[in-house]
Amino acid sequence: MEKTIERLRKNGFEVTRFASGEEAADYIAANLSGKTVGIGGSMTVRGLNIYDRIRDNNTVHWHMIVPGDETMAAASAAEVYITSVNAISEEGYIVNIDGRGNRVAGTLMMKDKVYLIVGKNKLAGDLNAAIERARNIAAPLNAKRLEMKTPCAVDGRCHNCSSPDRICNALVVFWRKPGWCRSMEILLVDEELGF
């Protein structure tokens, strides 16, 4: 983990390490007030109850609470964006796969701050291993959770399918912090979180 943190920082990302997801959620809640906040589809964020912690002091857009394209668009355009990732490689590269593109779009658009909450289970050896993790662990688990009609939802392995329910249509790799993003902070947690 220390080597990954060193590489992430070298690649321009801020990194804060936490012993627990609860501490990471407290940190976000303490740092957000009076902002428009978008939350991407994330079982990590959902499991930490971040929405409940920040909704009273911020305007929060999250399609897991209010479904629909308008909510997804508002979340992507918010000042601050909170989500997780599918994997981080030891080289400090961040990997996300998305079905509709809304979650990756939220991390790509100009923001004051992007928070990426990452459990230790999402650390991978190299970029290929990180992509492998995204395609063959995170995507199948999400497809199964969402009751998608995909081969991966059945057997837990990517088939590079052509299903209309395919959950891995977009792949984003951050090699370095994008220049347009004022701050992209990885909250690295010494617990297993999400998929």
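Higher on the page you've got the structure.
Thresholds, definitions, all that
Residues numbered from 1 in each chain as written. Predicted model: local features only at pLDDT ≥ 70, side-chain atom pairs only at ≥ 80, totals over all residues. Heavy atoms only, no water. Pairing = 2+ DSSP bridges. Helix = DSSP H or I, 4+ residues; strand = E, 2+ residues; numbered from the N terminus. Contact = heavy atoms within 4.5 Å. Axes fitted to C-alpha atoms, helices over the stretch in contact; angles between N-to-C directions.

(A) Region of the structure containing the sheet that holds strand β8 (residues 123-124). Across the sheet, four strands lie side by side as β8-β5-β6-β9; this open sheet has mixed pairing. Looking at which strands have only one partner, the edges of the open sheet turn out to be β8 and β9 (170-174). Across two bridges, the pairing between strand β5 (residues 87-89) and β8 is parallel. Across the sheet, the residue bridging to S89 is A124, located in β8. Across the sheet, helix α7 (residues 127-145) is in contact with β5, β6 (94-98), β8 and β9; its angle to β6 comes to roughly 30°.

(B) Up close: the sheet that holds strand β10 (residues 184-189). Taken together, the six strands give an open sheet; going across it, the order is β1-β10-β7-β4-β2-β3, and neighbouring strands pair in parallel fashion. Edge positions in the sheet fall to β1 (14-18) and β3 (59-62), since each has one partner strand and no second. Neighbouring strand axes in the sheet, compared pairwise and without regard to direction, differ in orientation by 20° on average. Summarising the sheet, strand β7 (residues 113-119) and β10 pair through six bridges and their orientation is parallel. Note on β10: the bridge partner recorded for L116 is I186. Sitting on the sheet, helix α2 (residues 21-31) is in contact with β1, β4 (80-83), β7 and β10, with an inclination near 150° to β10.

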